[in-house]
Amino acid sequence: MSERREHVPEYRWALPSVLLGDGADGRPVRRSTRDWIVDIAMFLTACLLALLTATELDGEPRGLVLTEQVTGVLSCAAVWLRRRWPVALALVSTAMASYLEMAGGASVVGLFTVAVHRPFKISGPVAAVNLVTLVPYGVLRPDPDLGAGGMFVLGVAIVATVFAWGIVVRARRQLVWSLRQRAVIAAEDAKRLERERIAREMHDVLAHRISMLSLHAGALEFRPDAPAEDIARAAGAIRDNAHLALQDLREVIGVLRHSSSAGDDGPVPDPPQPTLADLRALVEECRQAGMKVSYTTRLEGGTPAEGGVPRGLGRTAYRVVQEALTNARKHAPDAPVTVTVSGGPGEGLTVEVRNPRWAHHGRRIPGAGAGLIGLTERVELAGGTFGYGPRSDGDFWLRAWLPWSP
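All values derive from a computational prediction rather than experimental measurement. Residues take numbers from 1 onward in each chain, read along the sequence in its written order. Reporting of local features is limited, given that this is a predicted model, to residues whose pLDDT is at least 70; pairs of side-chain atoms are given and counted only at 80 or more, and all residues count toward the totals for whole chains, interfaces and linings. The basis for the side-chain values is all heavy atoms of the structure; hydrogens and waters are excluded.

### A closer look at the sheet that holds strand S3 (residues 348–356)
Basically, it comes down to this: Any two strands are treated as partners once DSSP identifies two or more bridges connecting them. Secondary structure elements follow DSSP: runs of H or I no shorter than four residues count as helices, runs of E no shorter than two count as strands, and numbering proceeds from the N terminus. Only the contacting stretch of a helix is used when fitting its axis, a line to C-alpha atoms as for every element, and angles between N-to-C directions run 0 to 180 degrees. We call two residues in contact whenever any of their non-hydrogen atoms come within 4.5 Å of each other.
Taken in spatial order, the 5 strands line up as S1-S2-S3-S5-S4 in an open sheet, and their pairing is mixed. Looking along the sheet, the strands with just one partner apiece sit at the ends: strand S1 (293–299) and strand S4 (385–390). Here the strands of the sheet are splayed against their neighbours by 10 degrees on average, with no regard to which way each runs. The pairing of strand S2 (residues 337–344) with S3 spans 7 bridges and is classified as antiparallel. The partner of Val-339 across the bridge, within S3, is Val-353. Docked against the sheet, helix H9 (residues 279–288) engages S1 and S2, running at close to 165 degrees with respect to S1. The strands touched by helix H10 (residues 311–331) within the sheet are S1, S2, S3, S4 and strand S5 (395–402), with S3 carrying the most contacts at an inclination of about 5 degrees.

Below is the structure:
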């Protein structure tokens, strides 16, 4: 609740406390500035109505006048309890107003309060009680000019107007509350989607780097008698990939910190994103790590090179190939991998990666099992289709199609 109030400090005074989260768990409602203004206005309204009806007491017995005055003062003071006990105030004041005139102001305020703060199944019967009490008042104390019938018609008009006004105020509050709830849910969904996006980026980047580290370390472990030049080259690759992994991790953590500190002030910037033009560098990096990777590009429609592919489209294609190569290193590190990127504007971009399902007898690199699931979500969010699995010819096949507007 305090978190909700922090989002609306500049106009909190202008909202009723029931829209700010107060009064939950059965606790008394804490009045906001607006509540104090409204309560003072309701109290003054009850007092004004009581004073207006006091002029009708001329010629009445002294005992009845004294009773009216005491009742009027007590009923006006009881208006301050309308938020805590609205139904009780409305019923008691209505019962008194069935004969006593100066209790009518508190009765009107009580009916309005019940209509605003309680559902129709409660406020409706209270309004009906108000209508019923008009009968004894009109019979016992009729107005000389209007008569009993005229008093009843006037009373019905007042009760209907006050009740309808309260219903409208309640409906408006419910609308504002529903809009606020939708805004809160939308904000939570946006935060969740942002966390999922950052998690995908972290998986895509770090899984690739760590699998490269594991590949080089495995080569050193299983070839302790390798030439010193090869050992130095593998150690250098391990150092470089560890440095790149730390750099990527710092970038992702920087985005997370910016997201936490920025709040709702603005969009969180993306970390540096690869494009399709970076695929050749990725393939070359895998080749230097000892993988057998064949990369073919067939882009049509006048696109001269990978750099002509839209950035968002190229980034998704890059992540598909990156995850496919990472999985190949994990499950078939010695198998050749074929990467094919084809398509053009209007036709769409197709990314296909294949590798034989060779048996791997060494230590398997552990995985979280979320890479292909994340790729499926990423491709579907881009409006494409994604499929993968073993083929009858013994290869493992992965294919993504992405729409490419002409």
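Having seen the model, we can carry on.
### A word on the packing of H9 against H10
Definition in use: Angles are sorted into four bins: roughly parallel if under 35 degrees, roughly antiparallel if over 145, roughly perpendicular if 65 to 115, and oblique for all others. Residues are grouped as follows: nonpolar covers Ala, Val, Leu, Ile, Met, Phe, Trp, Tyr, Cys and Pro; charged covers Asp, Glu, Lys and Arg; every other residue, Gly included, is treated as polar.
Where H9 contacts H10, the axes come no closer than 10 Å and their chain directions differ by 10 degrees. Overall, the two elements H9 and H10 adopt an arrangement that is roughly parallel. In contact with Leu-279, Leu-282 and Cys-286 of H9, H10 contributes Tyr-318, Val-321, Gln-322, Leu-325 and Arg-329. In the contact of H9 with H10, the residues fall into 6 nonpolar, 1 polar and 1 charged.

### What to know about the packing of aromatic side chains
So the rule is basically this: Side-chain rings of Phe, Tyr and Trp (the six-membered ring for Trp) are treated as a pair once their centres are within 6.5 Å; stacked means planes under 30 degrees apart, edge-to-face means over 60, and tilted covers the remaining angles. Using a 1.4 Å probe on the protein chains alone, a residue whose accessible area is under 20% of its type maximum counts as buried, one over 50% counts as exposed, and one in between counts as partly exposed.
This model, assessed by the stated rule, comprises 5 aromatic pairs. When the ring of Phe-386 is compared with that of Tyr-388, the centres are 5.7 Å apart and the planes differ by 50 degrees; the resulting orientation is tilted. The class of Tyr-388 is partly exposed, set by a relative accessible area of 41%. An aromatic cluster is defined as three or more aromatic residues linked by ring pairs; in this entry it consists of Trp-36, Phe-43 and Trp-80.

### What about the nonpolar core?
Condition: The definition of a nonpolar core used throughout is a set of buried Ala, Val, Leu, Ile, Met, Phe, Trp, Tyr and Cys residues joined through side-chain atoms within 4.5 Å.
Leu-325, Val-339, Val-341 and Leu-349 are the most contacted members of the largest nonpolar core, which has 32 residues in total. Of all elements in the fold, only H9, S1, H10, S2, S3, helix H11 (371–381) and S5 reach the threshold of two or more residues within this core. Ranked by residue count, the leading element in this core is H10, at 8 residues. Residues contacting Val-339, with those up to four places away along its chain left out, are Val-293, Ser-294, Tyr-295, Thr-296, Val-321, Leu-325, Glu-352 and Val-353.

### Details of helix H6 (residues 120–140)
What counts here: Working rule for helices: expected span equals 1.5 Å times residues minus one.
Here H6 contains 21 residues, and its C-alpha end-to-end distance of 30 Å stays within 8% of the 30 Å for a straight helix at 1.5 Å per residue. Among all positions of H6, only Ser-123, Gly-124, Val-126, Ala-127, Asn-130, Thr-133, Leu-134, Tyr-137 and Gly-138 are buried.

### Quick notes on the confidence of the model for the protein
Put simply, the test is: Per residue, pLDDT captures the predictor's confidence, and it can take any value from 0 to 100.
Residues at a pLDDT of 70 or more form 73% of the protein, whose mean pLDDT is 76. Note that pLDDT drops below 50 for residues 1–11; the model gives that stretch 14 contacts with residues more than four away or on any other chain. In the predicted structure, residues 22–26 sits below a pLDDT of 50 and forms 8 contacts with residues beyond four places in sequence or in another chain.

### Looking at the pattern of salt bridges
The cut-off we apply is this: The rule for a salt bridge is simple: a side-chain nitrogen of Lys or Arg has to be within 4 Å of a carboxyl oxygen of Asp or Glu.
Following the criterion strictly, the structure yields 6 salt bridges and no others. Arg-354 is the salt-bridge partner of Asp-393, the closest N and O atoms lying 2.7 Å from each other. One end of the pair, Asp-393, is in the loop between S4 and S5; the other, Arg-354, is in strand S3, and 39 residues separate them in sequence. Relative accessible area serves as the criterion here: at 46%, Asp-393 is assigned to the partly exposed category.

### Section: the pairing of S2
Most of S2 sits out of view: 7 of its 8 residues are buried. Alignment of S1 against S2, held across 7 bridges, turns out to be parallel. Bridging from a neighbouring strand, Leu-299 pairs with Gly-343 of S2. Between S2 and S3, which pair antiparallel in sequence order, lie 3 residues; one of them, Gly-346, sits at a positive phi of approximately 85 degrees.

### Quick notes on a nonpolar patch on the surface
Selection criterion: Any residue with relative accessible area above 30% and no salt bridge may belong to a patch, with like charges joined within 9 Å and the nonpolar Val, Leu, Ile, Met, Phe, Trp and Tyr side chains within 5 Å. Every accessible area reported is derived by Shrake-Rupley at a probe size of 1.4 Å, with residue values counting cover from the shown protein chains alone.
Taken together, Tyr-99, Val-135, Val-139, Leu-140, Phe-152 and Val-153 make up a surface patch of nonpolar side chains, about 560 Å² in accessible area. Elements that contribute at least two residues to the nonpolar patch include exactly H6 and helix H7 (147–222). For the nonpolar patch, the element with the highest residue contribution is H6, accounting for 3 residues.

### A few points about helix H5 (residues 104–117)
Its 14 residues give H5 an end-to-end C-alpha distance of 20 Å, which sits within 8% of 20 Å, the value for a rise of 1.5 Å per residue. When you tally the buried positions in H5, you get 11 out of 14 residues, the bulk of the element. Taken as a whole, H5 has its buried residues at Gly-105, Ala-106, Ser-107, Val-109, Gly-110, Leu-111, Phe-112, Thr-113, Val-114, Ala-115 and Val-116.

### Examining the state of the cysteines
Selection criterion: Here, a disulfide means two cysteine sulfur atoms that sit within 2.5 Å of each other.
Tallying each qualifying case throughout the model produces 0 disulfides. You can see Cys-47 has no disulfide; the closest cysteine sulfur is in Cys-76, sitting 4.0 Å from it. On the basis of relative accessible area, Cys-47 is assigned to the partly exposed category, the value being 21%.

### Overview of the environment of Val-169
Residue position: Val-169 is located in helix H7. For Val-169, a relative accessible area of 22% translates into the label partly exposed. Distance from Val-169 to Ala-115, taken between C-alpha atoms, is 8.4 Å for residues 54 residues apart in sequence.

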